[in-house]
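The residues making up each chain are set out below.
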2 protein chains.
Amino acid sequence: MRLAALLSATAIAFAVPATVSAQEVDRVAVNRIIDQGFNHSEVMETAAHLTDRIGGRITNSPQMRETERWTQQWFRDRGLSNVRAEGFEFGRGWSMVRSDVRMIAPRPLELRAIPVAWTPGTDGTVSGEVILAPMSRVADFDKYRGKLAGKIVMISEPTDAEDPTSPQFRRWTDDELAGRTGYNQPTHSHVNVSRDGGRDNFALRMDEFLAAEGALGWVRMSYRDGGLLHGAGYTHRTGATPTLPGMELAAEDYRRLARLSRAGAAPALEMMSEVRFHDEDVNAYNVLADIPGTSRSGEYVMAGAHFDSWAAADGAVDNAAGTAVVMEAARILKALNVRPKRTIRFALWNGEEQGLHGSLAYVDRHLATRAPLGDPELDALPNGQTWRARWPVQPRPGYSDLVAYFNIDNGSGRIRGINAEGNVAAAAVFEEWLKPFYSLGATTVSLRPSGGTDHVYMQTVGVPGFQFIQDPLDYGSRLHHTSIDSYDHLQPEDLRQAAVVLAGLLLAAANSDEPLPRMPMPTQPRPTNPFGN
Amino acid sequence: MRLAALLSATAIAFAVPATVSAQEVDRVAVNRIIDQGFNHSEVMETAAHLTDRIGGRITNSPQMRETERWTQQWFRDRGLSNVRAEGFEFGRGWSMVRSDVRMIAPRPLELRAIPVAWTPGTDGTVSGEVILAPMSRVADFDKYRGKLAGKIVMISEPTDAEDPTSPQFRRWTDDELAGRTGYNQPTHSHVNVSRDGGRDNFALRMDEFLAAEGALGWVRMSYRDGGLLHGAGYTHRTGATPTLPGMELAAEDYRRLARLSRAGAAPALEMMSEVRFHDEDVNAYNVLADIPGTSRSGEYVMAGAHFDSWAAADGAVDNAAGTAVVMEAARILKALNVRPKRTIRFALWNGEEQGLHGSLAYVDRHLATRAPLGDPELDALPNGQTWRARWPVQPRPGYSDLVAYFNIDNGSGRIRGINAEGNVAAAAVFEEWLKPFYSLGATTVSLRPSGGTDHVYMQTVGVPGFQFIQDPLDYGSRLHHTSIDSYDHLQPEDLRQAAVVLAGLLLAAANSDEPLPRMPMPTQPRPTNPFGN
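Residues numbered from 1 in each chain as written. Chains lettered and ligands numbered in written order. Predicted model: local features only at pLDDT ≥ 70, side-chain atom pairs only at ≥ 80, totals over all residues. Heavy atoms only, no water.

As recorded by an unreviewed UniProt entry, chain A carries the name Carboxypeptidase Q and is attributed to Brevundimonas basaltis. Looking at the Subunit (unreviewed entry) heading of the UniProt record, one finds this comment for chain A: "Homodimer. The monomeric form is inactive while the homodimer is active." (UniProt positions renumbered as here; feature names shortened; annotations may be inferred.)

As structure tokens, this is what we get:
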């Protein structure tokens, strides 16, 4: 199809014109994406449903089950193909019903508190004097043995308040963007696999210790000031639920308790939390939906965002934002009736907050796995706990089909560029693909690696998975995982822009003559410092 | 006494050496103040008692009664003279016992809420659908007539979230300080006296309307984002208590309710608040304590801070900070056993948060009153509501005895200077008095007026009352009246500095040969724009 024909078409199929080189973008298609994304956007309606209507979406909670259903129906309603949920073993569901924590001595005061995820409720009201007993490793237990019976244990060291001298909300300046593009040499340390398992393990050991000592429960301090709460917890595995209730207190409330305790005022708490466990199905589900490819339909490009969240608020910037952007990119491309060479897949990942479980499950099932360690005890641990120590990478039959993956999970800031993750050859392609979006602020291709979310496991098996550079806004400073992560802190203009850029890159990647260049298959690296530390 | 003798003395009387001019400060005395204030400070212990131990101190609440008692005993324990409580009619006491607000439809969610001061409790649990009915003046009522029965009324217009692009915590730069020293011409508009009375009046009219309509109660939106709450209310007059419970919701929670309401999701709330009214004594009490003067004991200098607060948290920066600084200055000067020419008085004002009631009562009783208007209805209104419209100023016998008043009520930031309130002659004296404290950061004498706290009524009768320039820190941005105004956000170094500077200025003012220059007695000003608007 020629450009002239495209200019008068409104809902017909796209293909890269023969005169456009492999790395160039069909700018007429971009015009139509821009029109659809800025003049007919539904991204905020999608975000509102995920946040205001459904709310916090802890994996395997009733809210997350509703999200799994609603997003599939949403994709089907918009004509996406092959809409499906892919399960993976996660563990128990957990949800909050109500909770209340009050100081009852030396004076009455309502405190700000949230139950820690996957801890049990209080079974009524529990009250007792607190004891300040900070513990962060098993060796700390000895200090408090014999002192905890009948007490509510303050397990955090109360750190000082911080003075907020930097703006909470900011955008990248051009200088800052330019300053973050350079290649970073990877570092490789020896990978030690702990037989103790993951981060839920200390929580369980501590629970066992506190229960044996006769403690009533525990409280920890929020890691942010300003009365913000989080409530993250990781004891979701079936058969590994603690016995004592644990609550997170606002930093200001926790510090006051600590000061009163140190001053000899014998502060006491009354705690109530009612929570539910949900064991009907131990599987969590990723949701996938496709726009089928035409000439190269065995290959696919993919955009993804995790759609689970914590539950201190409504999981808006983390990550209804990214979810809504991925869904909006799907809506835009489907509304334009694109017929890309390669299939375009939209993925909503589950269980991200507890360790990227959903995207790892996808990688392991569809892309590549890793050899077992050969130690039955270690090989029985959850996949992610030993993944990086296992070599070689063992490709699955579909390994080469995924030619590019784009992840979005850094809040509601607009896309300022993309992290090419050290892939110098892909970076050159991204430079071309981003050109139509320079004027929208998406200007930067960085060679720096980025981590922490669902493209990471693709990187570990050599699949080209990338994460966008987004304006930071107030994501890290006050919204990420907090009790104010609600719809009103989303930025509509930014989310519309992100959906437009994502749709444009997906179409470019789906239609390019050549697949995006890959890094060589990862093999076991030599440690950066072979002589240890 | 000679300087040489002072150098070896540790707890003996001071007097200004004959060789020191009227406007110069005894720097040896300053050395001893610095030693006492930085090496033996008790300011943080005092602040901790007011905040952690007593907590929020709403006027006439049990917490404030305890504060009235404790501060008097504190002054007596440290040997202050003439320690006394001076009562003035304020109204009812009010305190919170517990409260809880939950959204029950379209999904269950715990909200962040605080009862509005001086509204009644819910008498159990109240639940009902909300209705968005913003009202800020009586004319708004007609819009909602017939629509409110059985509803919980959302009385605020839900404004958008703001992006926090400025640092919350900051100190004045030298440039900023220099930029705020200039004289501002006063502006005078026609003073209209409302027969409706003060800001409690709309609250009462609205309560009457909502009750007549059969509403169950009302909620308003916090005026700060980030989950912060305030709870200020003004219906404290005896016989003027509303009948419906009112709660303040976190902005994020309120906006979510408003969005759900507009989206047709019929959100409903369950509200519970248990509060107490305290009518044993309608008087509130200022606390006063003296270090008696020697040669000019009929005259006095005074430092003051209000010691009441709101109760969303512990009233730390507003104004346990200023209270502790005034008390610490008293402790320092008493510890040095100063024997000043003039009496030094320390004043803790009550009822400041509801309209500077305590300091106005002091002015009216001891310094000057104003002529009645001659309209019996208007003259029956609370003093502050008509004060500025009444002329002439009528001095009391003690009018000339108060030669300088220093107020501190802008958080825990260190003293960077003083607002001379347009008093050019006093400014020249302050320049001299501050010189020993330049190296501590107190460098600036500003001619600008400052308002909003307890020196204001002194200014209205021509008594030289001044407020310090303090570093703003995060007072206005996140602490002032909020649910995180607790001890951990106080700045110990700043409070020690403030106590040292205040003690130094008090001693200089008490010992100066001449009283601080005054402005002429205020007489009724001509309106700045005589032709109206």
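Let's pick the thread back up.
A.B. asks: For the overall build of chain A, give the residues involved together with the corresponding values.
C.D. replies: Within chain A one finds 16 helices and 18 strands. For 533 residues, the compact-globule estimate of 2.2 N^0.38 gives 24 Å, and the C-alpha radius of gyration of chain A, at 25 Å, lies within 12% of that figure. The C-alpha extent of chain A, read off along each of the three principal axes, is 80 × 50 × 50 Å. Across the 533 residues in chain A, those meeting the buried criterion constitute 61%. (Helix = DSSP H or I, 4+ residues; strand = E, 2+ residues; numbered from the N terminus. Rg over C-alpha atoms; globule rule 2.2 N^0.38 Å. Buried < 20%, exposed > 50% of the residue type's maximum accessible area, 1.4 Å probe, protein only.)

A.B. asks: I'd like a rundown of helix α16 (residues 492-511) of chain B, residues and numbers included.
C.D. replies: For α16 of chain B, which comprises 20 residues, the first-to-last C-alpha distance of 29 Å matches the rise-based estimate of 28 Å (1.5 Å per residue) to within 8%. With 17 of 20 residues buried, α16 of chain B lies mostly within the body of the structure. (Expected span 1.5 Å × (residues − 1).)

A.B. asks: So, the interface of chain B and chain A: which residues are in play, and what are the values?
C.D. replies: If you look at the interface, chain B gives 46 residues, while chain A gives 47 residues. Summing the contributions of chain B and of chain A, the shared interface buries around 3600 Å²; its carbon and sulfur component is 43%. In this assembly, chain B and chain A are joined by nine salt bridges. Of the charged contacts, one joins R107 of chain A and D314 of chain B as a salt bridge, the two residues approaching to 3.0 Å between their closest N and O atoms. Here the side of chain B that touches chain A takes six residues from helix α8 (residues 251-262) of chain B, the largest share from any one element. (Contact = heavy atoms within 4.5 Å. Buried area = accessible area lost by both parts, 1.4 Å probe. Salt bridge = Lys/Arg side-chain N within 4 Å of Asp/Glu carboxyl O.)

A.B. asks: Any details on the UniProt feature "domain: Peptidase M28" (unreviewed entry) in chain A? Residues and values, ideally.
C.D. replies: Mapped onto the present numbering, the UniProt feature "domain: Peptidase M28" (unreviewed entry) falls on residues 286-503 of chain A. Between the first and last C-alpha atoms of residues 286-503 of chain A the distance is 21 Å; the span itself is 33% helix and 21% strand.

A.B. asks: Could you give an account of α8 of chain B, with specific residues and numbers?
C.D. replies: Residues and elements named next belong to chain B. In a regular helix each residue adds 1.5 Å, so twelve residues correspond to 16 Å; α8 covers 16 Å between its end C-alpha atoms and thus fits that length. Of all twelve residues in α8, ten are buried, a share of seventy percent or more. Of the residues making up α8, those classed as buried are A251, E252, D253, Y254, R255, R256, L257, A258, R259 and L260.

A.B. asks: Explain the relation of the copies chain B and chain A residue by residue, including any values.
C.D. replies: Of the transformation placing chain B onto chain A, the axial shift is 0.0 Å and the rotation is 180 degrees, giving an RMSD of 0.0 Å. As the rotation angle and translation indicate, the two copies are arranged about a two-fold axis. In terms of C-alpha distance to the rotation axis, chain B has P167 of chain B as its closest residue, with the C-alpha 2.0 Å off the axis. Residue by residue, 100% of the interface of chain B is reproduced at the interface of chain A, so both copies engage with the same surface. (Least-squares fit on C-alpha atoms with pLDDT ≥ 70 in both.)

A.B. asks: Tell me about the environment of P517 of chain B, and name the residues and values.
C.D. replies: All names here are of chain B. Relative to the elements of secondary structure, P517 occurs in the segment after α16. Judged by its relative accessible area of 25%, P517 falls in the partly exposed class. A sequence separation of 88 residues divides P517 from V429, and the C-alpha atoms of the two residues are 8.5 Å apart. Leave out the neighbours within four places in its chain, and P517 touches N423, A425, A426, V429 and P464.

A.B. asks: Before we move on, could you go through the packing of aromatic side chains and cite the residues and values that matter?
C.D. replies: Taken as a whole and judged by the stated rule, the model has 28 aromatic pairs over all chains. Over the ring of W391 of chain A we find R370 of chain A; its NZ or CZ atom is 4.3 Å from the centre of that ring. Cation over ring: R170 of chain B sits above W172 of chain B, and NZ or CZ is 5.1 Å from the ring centre. (Phe/Tyr/Trp six-rings, centres within 6.5 Å; stacked < 30°, edge-to-face > 60°. Lys NZ or Arg CZ within 6 Å of the ring centre and 35° of its normal.)

A.B. asks: I'd like a description of the pairing of strand β11 (residues 300-306) of chain B, backed by residues and values.
C.D. replies: Residues and elements named next belong to chain B. Summarising burial for β11: seven of the seven residues are buried, a large majority. Covered by surrounding structure in β11 are Y300, M302, G304 and H306 together with V301, A303 and A305, the residues of both alternating faces. Direction of pairing for β11 relative to strand β12 (residues 343-349): parallel, over a ladder of seven bridges. Residue H306 lies in a different strand from β12, and its bridge partner there is W349. With helix α9 (residues 316-335) bridging β11 and the parallel β12, this β-α-β connection has right-handed handedness. Where β11 lies against strand β15 (residues 402-407), five bridges are found, and the strand directions are parallel. Residue pairing for β15: V301 is matched across the bridge by A404. (Pairing = 2+ DSSP bridges. Right-handed = clockwise from strand over helix to strand, strands pointing away.)

A.B. asks: Residue-level account of the packing of helix α4 (residues 62-77) of chain A against helix α9 (residues 316-335) of chain A, with values.
C.D. replies: Residue and element names in this part refer to chain A. Contact geometry of α4 with α9 gives a least axis separation of 11 Å together with a crossing angle of 15 degrees. By the angle between their axes, α4 is roughly parallel relative to α9. Note that α4 runs across α9; the crossing there is right-handed. Packed against α4, whose contacting residues are W70, T71, W74 and F75, the element α9 presents M327, E328, A330 and R331 at the interface. Looking at the contact of α4 with α9 residue by residue, the class counts come to five nonpolar, one polar and two charged. (Axes fitted to C-alpha atoms, helices over the stretch in contact; angles between N-to-C directions. Parallel < 35°, antiparallel > 145°, perpendicular 65-115°, else oblique. Left-handed = near helix turned anticlockwise from the far one by under 90°. Nonpolar A, V, L, I, M, F, W, Y, C, P; charged D, E, K, R; others polar.)

A.B. asks: Quick rundown of the packing of helix α2 (residues 27-39) of chain A against α9 of chain A? Include the residues and the values.
C.D. replies: Residues and elements named next belong to chain A. At their nearest, the axes of α2 and α9 sit 10 Å apart, and the two run at 125 degrees to each other. Relative to α9, α2 is oriented oblique. Of the two possible hands of crossing, α2 and α9 adopt the one that is right-handed. Note on element contacts: α9 touches α2 through E328, R331, I332, L333 and A335, opposite I33, Q36 and G37. When the residues that make up the contact of α2 with α9 are grouped by side-chain class, the tally is four nonpolar, two polar and two charged.

A.B. asks: Describe the side chain of D225 of chain A, with residues and values.
C.D. replies: All names here are of chain A. For D225, the position within the fold is in the loop between β7 (217-221) and β8 (246-249). One polar contact links the side chain of D225 to the main-chain amide nitrogen of E162, over a distance of 3.0 Å. Polar contacts involving the side chain of D225 include one to the side chain of R255, which spans 2.5 Å. (Polar contact = N/O pair within 3.5 Å; in protein donor to acceptor, adjacent residues only side chain to side chain.)

A.B. asks: Go over unusual backbone geometry with me, naming the residues and quoting the values.
C.D. replies: Residues D318 of chain A and N319 of chain A are joined by a peptide bond in cis, for which omega reads 5 degrees. Structurally, N319 of chain A can be placed in helix α9. Cis rather than trans, the peptide bond between W391 of chain B and P392 of chain B has omega equal to 0 degrees. Backbone geometry at W118 of chain A places phi at a positive 65 degrees, although glycine is not the residue there. Along the chain, W118 of chain A turns up in the loop between β4 (113-115) and β5 (125-132). For W118 of chain A, a relative accessible area of 0% puts it in the buried group. Its identity as a non-glycine residue notwithstanding, N82 of chain B has a phi of 55 degrees, on the positive side. Looking at the element boundaries, N82 of chain B is found in strand β1 (residues 81-89). Here N82 of chain B falls in the partly exposed class, since its relative accessible area comes to 47%.

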